[in-house]
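So you can see what is in the structure, the chains are spelled out below.
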Amino acid sequence: MIKTLWKPKKPEKTKMAKIMHEINNSYNKDIHSYEELHKWSINNISKFWEMIWYTCDIIYSKKFTEVVDDVNKMPGAKWFKDSRLNFAENLLRFRDNKIAIQFKGEKDSLRIISYKNLYKEVERLADALRMEGIEKGDRVVGFTPNLPETISAMLATTSIGAIWSSCSPDFGAKGVLDRFAQIKPKIIFAANGYYYNGNYFSTLEKLKTILKKLPSVEKVILIDYPKTENNTEINKSILYNNFLSKNPKPLKFEQLPFDHPLYIMYSSGTTGLPKSIVHSSGGTLIQHLKELSLHCDLKREDTIFYFTTCGWMMWNWLIS
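To find leftover empty space, one rolls a probe the size of a water molecule over the atoms. Under the counting rule described, the total for this entry stands at one cavity of 30 Å³ or more. The space that makes up the largest cavity amounts to roughly 40 Å³. Along the walls of the largest cavity sit Leu85, Asn86, Phe87, Thr158, Gly161, Ala162, Leu256, His260, Pro261, Leu262 and Ser281, which together make up its complete lining. Tallied by class, the residues present in the lining of the largest cavity amount to six nonpolar, five polar and no charged.

Printed below as a string of structure tokens:
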């Protein structure tokens, strides 16, 4: 007997049930179970993903003319042809005083950031990155713990159309270089250190080693976490709070093709160098929204937590 760990109190009120109802009404079907929905989705790929596009209320500036050109082409299929959107614009759709992020480190008091303040910080950071010359297609990386500043850095980067990649600060210098050296980043966001199991670990010496072998880096933005250290020995560096624009221009979201690169992630590196894996803006957005909306039944009043570092793809999923 398989033990059920959890089930919704009112299955008929879930978003999964809602999309079954919409499919039944739109296509004259009689779907009432997950198995039936799954079967229909893989037998009607274009219809399913078009419904997900609208169900998840994706923000776009130009609508697609075709959902997919050839579902049997892998890799190489073109999804949501001619559409234009921005990943960060979709994640920053709310700009009110409701809680966007709650952060608690091992030895920190709770930090609470509203959607309104998150938007303002991303606006200041994006303006600073543009002033630094960052453009669509450039690579910006993070060597940080899972901090609110890391989230803002990713959102500012992707609002421009630049590409984000990150590694956890507990990686060794070689592990970081095996990844970042492949993609030649122009900017690196780096924290002083991190706490683990009650102990503080500085990353500054490791960062110096990394920067010596990353000549592409033009600027280092240092985040004072978890405590202020002597950062003066880090070349090309500026403190995060000093880097933020004081009088930023209004945040502009570059409108990009569905398949524009968003993230660069990596294989584990167990069989040679880690392989770079590019995830697209539209593909990541619609897949994350589908999983968070339908499978997690996530609503605005909910709080979601996943324990992860910035070196794992679950960080990217969590931020969505």
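Taken residue by residue, helix 2 (residues 34-43) has Leu37, Trp40 and Ser41 as its buried positions. Seen along its axis, helix 2 keeps its buried residues to an arc of 100 degrees; they face one direction. For helix 2, the exposed residues set more than 90 degrees away from the buried face come down to Glu35, Lys39 and Asn43. Buried residues along helix 2 sit in contact with helix 1 (15-27) and helix 3 (45-55).

Taken together, the side chains of Ile99, Leu110 and Ile112 define a hydrophobic patch exposed on the protein surface, amounting to about 280 Å² of accessible area. Looking at the secondary structure, you find isoleucine 99 in strand 4 (residues 99-103).

A separate point is the packing of aromatic side chains. The geometry of an aromatic ring pair is captured by the separation of the ring centres together with the interplanar angle, meaning the angle of the planes. Here the structure, examined in full by the defined rule, presents 21 aromatic pairs. Judged by centre distance (5.4 Å) and plane angle (40 degrees), the rings of tyrosine 27 and tryptophan 40 are tilted. Linking tyrosine 27 in helix 1 with tryptophan 40 in helix 2, this pair joins segments that are 13 residues apart in sequence. Overall, the relative accessible area of 7% leaves tryptophan 40 in the buried class.

Counted according to the given criterion, the structure contains 12 salt bridges. Here glutamate 132 ties to lysine 219 by a salt bridge, and the two come within 3.8 Å at their closest N and O atoms. Residue glutamate 132 is located in the loop between helix 5 (115-131) and strand 6 (139-143), and its partner lysine 219 is located in strand 11 (residues 219-223); the two are separated by 87 residues in the primary sequence. Using a relative accessible area of 28% as the deciding quantity, one classes glutamate 132 as partly exposed.

Taking 1.5 Å of rise per residue, the 17 residues of helix 5 would be expected to cover 24 Å, and the 24 Å separating its terminal C-alpha atoms lies within 8% of that figure. Those residues of helix 5 lying buried are Tyr115, Leu118, Tyr119, Val122, Glu123, Leu125, Ala126, Asp127, Ala128 and Leu129. Buried residues in helix 5 make contact with strand 4, strand 5 (111-114), helix 6 (148-160), strand 8 (187-191) and helix 9 (240-243). At the exit of helix 5 stands glycine 133, carrying a positive phi of roughly 95 degrees.

Here we take up the packing of helix 7 (residues 173-183) against helix 8 (residues 204-212). Helices that pack against each other are described as a pair by the angle of their axes relative to one another and the distance between those axes. Following both chains from N to C, one finds helix 7 and helix 8 inclined at 35 degrees, their axes separated by 9 Å at the closest point. At the point where helix 7 passes helix 8, the crossing takes the right-handed sense. From helix 7, Ala173, Val176 and Leu177 reach across to helix 8, where they touch Lys206, Thr209 and Ile210. Of the residues assigned to the contact of helix 7 with helix 8, the class counts are four nonpolar, one polar and one charged.

Right, let's talk about the side chain of serine 293 for a bit. Position of serine 293 relative to the elements: it lies in helix 10 (residues 281-295). You can call serine 293 buried: its relative accessible area is 11%. Each residue touching serine 293, except ones within four places of it in the same chain, is listed here: Lys15, Cys56 and Leu298.

The buried count for strand 6 comes to four of five residues, which makes it a mostly enclosed element. As defined by bridge partners, strand 6 adjoins strand 7 (residues 163-167) across five bridges and the pair is classed as parallel. Note on strand 7: the bridge partner recorded for valine 140 is tryptophan 164. This β-α-β element, strand 6 to helix 6 to strand 7, shows right-handed connectivity. Sheet topology note: the strand 6/strand 8 ladder contains four bridges and is parallel. Bridged to valine 140 within strand 8 is isoleucine 187.

A cluster of like negative charges, contributed by Glu66, Asp69, Asp70 and Asp82, occupies part of the molecular surface. By secondary structure assignment, the location of aspartate 70 is in the loop between strand 1 (66-68) and strand 2 (79-81).

Before going further, it helps to spend a moment on the packing of helix 1 against helix 10. Two elements in contact, helix 1 and helix 10, have axes separated by 7 Å at closest approach and are oriented at 105 degrees. Classed by the angle they form, the pair helix 1 and helix 10 counts as roughly perpendicular. Between helix 1, through Lys15, Met16 and Ile19, and helix 10, the contact on the second element is made entirely by Ser293, Leu294 and His295.

On to the nonpolar core, then. If you look at the biggest cluster of nonpolar residues, it comprises 66 residues, and the most contacted ones within it are Met154, Leu155 and Phe189. No other element matches helix 5, which puts seven residues into this core. Leaving out residues up to four positions away in the same chain, phenylalanine 189 has contacts with Leu125, Leu129, Val140, Val141, Gly142, Phe143, Thr144, Ala153, Trp164, Ile221 and Tyr240. Counting residues in each nonpolar core, the second largest holds 22 residues, with Val176, Leu177, Phe180 and Leu211 among its members.

About the thresholds
- Residues numbered from 1 in each chain as written.
- Predicted model: local features only at pLDDT ≥ 70, side-chain atom pairs only at ≥ 80, totals over all residues.
- Heavy atoms only, no water.
- 1 Å grid on protein atoms, 1.4 Å probe; cavity = no way out; pocket = protein on both sides within 12 Å on 5 of 7 lines; lining within 4 Å.
- Points joined across faces, edges and corners; volume = space filled by probe spheres on them.
- Nonpolar A, V, L, I, M, F, W, Y, C, P; charged D, E, K, R; others polar.
- Buried < 20%, exposed > 50% of the residue type's maximum accessible area, 1.4 Å probe, protein only.
- Helix = DSSP H or I, 4+ residues; strand = E, 2+ residues; numbered from the N terminus.
- Arc of directions from axis to C-beta.
- Contact = heavy atoms within 4.5 Å.
- Patch = residues over 30% accessible without salt bridge, like charges linked within 9 Å, V, L, I, M, F, W, Y side chains within 5 Å.
- Areas by Shrake-Rupley, 256 points an atom, 1.4 Å probe, with all protein chains shown as cover.
- Salt bridge = Lys/Arg side-chain N within 4 Å of Asp/Glu carboxyl O.
- Phe/Tyr/Trp six-rings, centres within 6.5 Å; stacked < 30°, edge-to-face > 60°.
- Expected span 1.5 Å × (residues − 1).
- Axes fitted to C-alpha atoms, helices over the stretch in contact; angles between N-to-C directions.
- Left-handed = near helix turned anticlockwise from the far one by under 90°.
- Pairing = 2+ DSSP bridges.
- Right-handed = clockwise from strand over helix to strand, strands pointing away.
- Lys, Arg positive; Asp, Glu negative; His and termini not counted.
- Charge placed at Lys NZ, Arg CZ, Asp CG, Glu CD.
- Parallel < 35°, antiparallel > 145°, perpendicular 65-115°, else oblique.
- Core = buried A, V, L, I, M, F, W, Y, C linked by side-chain atoms within 4.5 Å.

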